[in-house]
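Single-letter residue listing:
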Amino acid sequence: MKKILFFLIIIIEIAATLFVACNKEVEGRTDNIGALSPSNIDLNAGTWKPILLTGPTEFAVAAPAATNTADYIAQINEIKTWQADLTKDEKAIVKYWSAGAVLRWNEILRDLVAKHNLPPYQNDDGTYPFPNANNPLAYPQFPFANPPYAARAYAYVAAAQYDALVAAWYYKKLYNRPAPYVVDATLNVLIPKSDLPSYPSEDAVVEGAAVEMLKLLFPGDQDFIQQKAEEHKRARIIAGANVRSDIDAGEALGKAVAQKFVIRARGDRAGAAAGNQAQWTQMETDAIARGQIPWYSLEVPRRPPMLPLFGKVKPFLFDSLTVIALRPGPPPSTSSDEMKNETEEVFSQTSNPTRENIRICHFWSDGVGTYTPPGHWMAIAAEDFVKKNYSEVRWARNMALVAMAEMDAAIVCWDTKYYYFNPRPSQMNPAIKSLTGVPNFPSYISGHSTFSGAASTILGHIIPERANAYVAMAEEAARSRFVGGLHYNKSDCAVGLTVGKNVGNYAVQRAATDGAE
Amino acid sequence: MKTFINYKNRFVIAALLAMISIALSAQTDIDGIMMEKSGFCVGPMYSYSSWKNYWEGTLKRENLNLGRVSTQMFGMMGNYGVTRKLNVLFSAPYVKTKATAGTLHGLKGLQDLNLFVKWRPYQKKMGYGRLSLFGIAGVSIPLTNYVADFLPLSIGLHSKTALARIMADYQRGNLFVTGSATYVLRDNIKIDRNAYYTTEMHYTNEVEMPDGANFNFRAGFRNQRWIAEAVVNNWTTLGGFDITRNNMPFPSNKMNATTVGANFKYVLPSLPQLSIVAGGNATIAGRNMGKTTTVYGSFFYVFDLSHKTKSSDQSSKKN
């Protein structure tokens, strides 16, 4: 007995020592990935079909100075000056940004979404304040980056970057100014070399487009965004990848193209998506008139529905009439046995949840304080694209396809939700307890399922060998909402997946005809 | 939502101090009492703690979508006297959580195994009393794959921890004071998500857990039959971040709490092996934690394992 106890004591001591020794540093999956080295530079991407631009020359880029001019040589010397005395921080930013411009700006955007995905706290009188884009730093801060807002943000940034890169590739090929390390072979190069002409800089195009879009989407975070932008541009010069005129021309082009997307965004009806009391009441009244139990907010105090008019936002991949055509038929009547059975099914599923079901629910929940379900799919896409060594323009094209599918899925899903205004399982049976927060909008159809159906469809087209894996992920994501107690299985999740796939197919159609395949 | 189940977390998990120490007001890892050689004290405990208000960062608020969040703990605790100067202690709680409002599902399950070694290297008469110095080391290990990332309804933080404590106890007549300082190392945890936001995005399922420090001061009356003591405890997370406005809590938040409470122990005159322990405490200041009130009670029975029977049937031995 005593021996055992002494043994135990020794074990405890050893365990304690091990704790002291253990390294707590946690490394993210993309923190230390290698530099992007495209397997194909896609030299002809200037001919790919843009999304909003009428053509690659809609915004002119002036011809660059020749590489034998004094001006150019001075720019080479700027690189050499930086490189003469590199700090650890400077090496670190070169490494960070060399992983890919589209990748990093998408990550920055996901960061901003997660930071801002917070529902406003109620006023003293039980009403709720709304964020104000003109006063973004006052509480509640602008924006409330909920799933539709986030889906739209991902789409605009990616689409603007794509169009700007198509234009950039056009001018790269036209002017064919080589990279600084080709001009001056003595230059130290901190990134993989490429045959791609370096004027205008693709990195600066991506940065310029992002900065311009984010002024609109995250107006309160300009210091953070500008700091990233400066760092990005500096990283390219330090690395010997671009001279300053490559950067300046690229940034100007990115900003100019993004301006066109900003104008579109200002007119895409998202600004009116919150609706007003009369419209919220009308939806409730309409549901009652159809003989249905209307959705109501399960929060205390009752919160106005999330972006009830987001279904009216202008999609990227089809027109607004198609949104209505994609709307599925009605869910089972709230008074039907079918609905009763579906509710009962949710109750029995959640009354004693298994650990595995909790895991599935939490893995996919992407609720408050996260990058949202569209952000989750952007992360899935990005981590797979990393392995593909795409050129920046192909990166942007593929991210834009996924992001536009997600935004349009949000539009179709929100249109459906507010058209039917169907109650959540926990409203039909208050004994149903959920494994994550119940979102504040109607049940039919599941947003997670719609987002996942759309994303998995376009991703399966982009990376066919992963198509089955994406389908399996989408099915698990859809199922997570049922086992978590947020949605009915058959009506919300299954129909959501189908509608999502239908949306995703529009992205596939575009992909097949945009000249990149 | 809110945070706070953490009362428990912090105590049991983080510092171990918590329920256990407080509840087991005799022969715990944080008091000045030692078990005699070969004595084995063991018993069940129950505690109920709840809160309605919590601190979101430093802002005290309520949450109408949680109502009152409660934690029940059913535990088994024990203390074995290897010698009069060296004790080994353990505890293992089953925890059940619930929110009275909103839709969130409560959780339940076996939480962490806590093990301590308590050593009293020094004891000396000093003035009119007696001074004892202690060194305590402990570890806690999750017993099940329970969910950490569902605060405030998770049953614990699922971190392996190790602690080192120094403690001094001075008794004069029936009056005593005890003070201790503890450093708690907390191992990283894994959560069900593979990306999360703290003050920036992290693309991993691993969460870096800040260490913690605990300070405990207790004073009162102590003799063979009775203990009545007042306790002040402060737990401070050394690092971590605040819950932002109307956000959810997260395991690596900067959770701090100061509690005040009282403990009582009574040894039955007719059956001196049996003691009854009860007590409670309230959180008077905190950060990213609930303003918790806790009550608890337990029974302990002391067995004498001094017979040389080694392994078999020692559990039937009574004194």
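Conventions used here
Residues numbered from 1 in each chain as written. Chains lettered and ligands numbered in written order. Predicted model: local features only at pLDDT ≥ 70, side-chain atom pairs only at ≥ 80, totals over all residues. Helix = DSSP H or I, 4+ residues; strand = E, 2+ residues; numbered from the N terminus. Buried ≥ 20, exposed ≤ 12 C-beta atoms within 10 Å, placed from the backbone. Rg over C-alpha atoms; globule rule 2.2 N^0.38 Å. Contact = placed C-beta atoms within 7 Å. Nonpolar A, V, L, I, M, F, W, Y, C, P; charged D, E, K, R; others polar. Axes fitted to C-alpha atoms, helices over the stretch in contact; angles between N-to-C directions. Left-handed = near helix turned anticlockwise from the far one by under 90°. Pairing = 2+ DSSP bridges. Expected span 1.5 Å × (residues − 1). Arc of directions from axis to C-beta. Parallel < 35°, antiparallel > 145°, perpendicular 65-115°, else oblique. Core = buried A, V, L, I, M, F, W, Y, C linked by C-beta atoms within 7 Å. pLDDT = per-residue confidence, 0-100.

Caption draft 1: Inspection of the overall build of chain B at higher detail. Scanning chain B from N- to C-terminus turns up 2 helices and 19 strands. Within the span of chain B, comprising 319 residues, buried residues form 54% of the whole.

Caption draft 2: Quick peek at the overall build of chain A. Counting its secondary structure elements, chain A contains 19 helices and 0 strands. Computed over C-alpha atoms, the radius of gyration of chain A comes to 25 Å, within 12% of the 24 Å expected from 2.2 N^0.38 for 517 residues, which places it in the range of a compact globule. If you line up chain A on its principal axes, its C-alpha atoms span 80 × 80 × 50 Å. Scored against the burial criterion, the 517 residues of chain A give a buried share of 53%. For chain A, the proportion of contacts with a sequence separation of at least 24, taken over those separated by at least 6, is 85%.

Caption draft 3: Focus on the interface of chain A and chain B. Chain A puts 48 residues into the contact, and the matching count from chain B is 40 residues. Those elements giving two or more residues to the side of chain A that touches chain B turn out to be α1 (2-21), α4 (101-116) and α13 (355-365) of chain A. Ranked by the residues each element gives to the side of chain A that touches chain B, the list is headed by α1 of chain A, at 10 residues. By residue class, the composition of the side of chain A that touches chain B is 27 nonpolar, 8 polar and 13 charged.

Caption draft 4: Structural detail: the packing of helix α7 (residues 202-217) of chain A against helix α9 (residues 244-266) of chain A. Residues and elements named next belong to chain A. As a packed pair, α7 and α9 sit with axes 6 Å apart at the nearest point and diverge in direction by 35°. Relative to α9, α7 is oriented so that their crossing is right-handed. For the contact of α7 with α9, the per-class residue count stands at 14 nonpolar, 4 polar and 7 charged.

Caption draft 5: Spotlight on the pairing of strand β10 (residues 175-186) of chain B. All names here are of chain B. Relative to β10, strand β9 (residues 161-172) runs antiparallel, the two sharing 12 bridges. Opposite Asp-169, over in β10, you have Thr-178 as the bridge partner. Where β9 hands over to β10, the hairpin turn is made up of 2 residues, of which Gly-173 adopts a positive phi near 60°. Judged from the 10 bridges that link them, β10 and strand β15 (residues 211-222) form a sheet pairing that is antiparallel.

Caption draft 6: Spatial organisation of helix α12 (residues 337-351) of chain A. Residue and element names in this part refer to chain A. A rise of 1.5 Å per residue sets the reference length of α12, with its 15 residues, at 21 Å; its end C-alpha atoms lie 21 Å apart and thus fit the reference within 8%. Among the residues of α12, those classed as buried are Met-339, Glu-342, Thr-343, Val-346, Gln-349 and Thr-350. Mapping the buried residues of α12 onto a view down its axis gives an arc of 125°, with all of them on the same face. Residues of α12 that are exposed and angled more than 90 degrees away from the buried face: Asp-337, Asn-341, Ser-348 and Ser-351. The secondary structure elements touched by the buried residues of α12 are α16 (425-428), α18 (467-483) and α19 (489-513).

Caption draft 7: Up close: the packing of helix α15 (residues 392-420) of chain A against helix α17 (residues 447-462) of chain A. All names here are of chain A. The interhelical angle for the contact between α15 and α17, taken along N-to-C directions, is 155°, at an axis separation of 9 Å. Taken together, α15 and α17 sit at an angle that is classed as roughly antiparallel. Pair α15 / α17 crosses with right-handed handedness. Facing Asn-398, Leu-401, Val-402, Ala-405, Glu-406, Ala-409, Val-412 and Cys-413 of α15, the residues of α17 in contact are Gly-447, Thr-450, Phe-451, Ala-454, Ala-455, Ile-458, Leu-459 and Ile-462. Of the residues that constitute the contact of α15 with α17, the class distribution is 12 nonpolar, 3 polar and 1 charged.

Caption draft 8: Representation of the nonpolar core. Core analysis: the largest hydrophobic core is formed by 176 residues, its most contacted members being Ala-159, Val-402, Met-404 and Ala-405 of chain A. Among the elements that line this core, the one with the most residues is helix α5 (residues 147-175) of chain A, at 20 residues. Discounting chain neighbours no more than four positions away, the residues touching Ala-405 of chain A are Leu-317, Ala-454, Ala-455, Ile-458, Val-503, Gly-504 and Ala-507 of chain A. Core analysis: the second largest hydrophobic core is formed by 25 residues, Phe-40, Tyr-80, Val-184 and Val-277 of chain B among them.

Caption draft 9: Here's a closer look at the confidence of the model for chain B. Residue and element names in this part refer to chain B. Across chain B, the average pLDDT comes to 88, with 87% of residues at or above 70. Per-residue pLDDT stays below 50 along residues 1-26; that stretch engages in 147 contacts with residues further than four places along the chain or on separate chains. Counted against residues more than four places away or in other chains, residues 309-319, with its pLDDT under 50, gives 15 contacts. Both scores are given for the predicted complex: the pTM is 0.94, the ipTM 0.95.

Caption draft 10: Quick peek at the pairing of strand β1 (residues 39-51) of chain B. Residues and elements named next belong to chain B. Pairing between β1 and strand β19 (residues 293-304): 10 bridges, direction antiparallel. Its bridge partner lying in β19, Tyr-46 is registered against Gly-297. As defined by bridge partners, β1 adjoins strand β4 (residues 69-83) across 12 bridges and the pair is classed as antiparallel. Looking across to β4, one finds that Pro-44 is bridged to Met-76.

Caption draft 11: Local environment of the environment of Ala-155 of chain A. Residues and elements named next belong to chain A. Mapped onto the fold, Ala-155 is located in helix α5. The sequence separation of Ala-155 and Asn-132 amounts to 23 residues, and the corresponding C-alpha distance is 22 Å. Residues in contact with Ala-155, not counting those within four places in the same chain, are Phe-316, Ala-403, Met-404, Glu-406 and Met-407.

Caption draft 12: α19 of chain A, seen in detail. Spanning 25 residues, α19 of chain A covers 35 Å between terminal C-alpha atoms, matching the ideal 36 Å at 1.5 Å per step. Gly-515 of chain A sits one or two positions beyond α19 of chain A and adopts a positive phi of about 90°.

Caption draft 13: Molecular detail of the environment of Asn-263 of chain B. Residues and elements named next belong to chain B. Take Asn-263: it is sitting in strand β17 (residues 256-267). In this structure Asn-263 comes out as buried when scored by C-beta crowding, with 25 C-beta atoms within 10 Å. Each C-alpha atom, one on Asn-263 and one on Ser-154, is 27 Å from the other, the two residues being 109 residues apart in sequence.

Caption draft 14: How the structure looks around unusual backbone geometry. Of note, the amide linkage connecting Tyr-199 of chain A to Pro-200 of chain A takes the cis form, showing an omega dihedral of -5°. Residue placement: Pro-200 of chain A occurs in the loop between α6 (180-183) and α7. In this structure, Ile-445 of chain A follows Tyr-444 of chain A across a cis peptide bond, with omega equal to 5°. Mapped onto the elements of the fold, Ile-445 of chain A is located in the loop between α16 and α17. The phi torsion at Thr-372 of chain A lies on the positive side, around 75°, for a residue other than glycine. Not every positive phi belongs to a glycine, and Asn-246 of chain B is a case in point at roughly 60°. Residue classification places Asn-246 of chain B among the partly exposed positions, given that 18 C-beta atoms sit within 10 Å.

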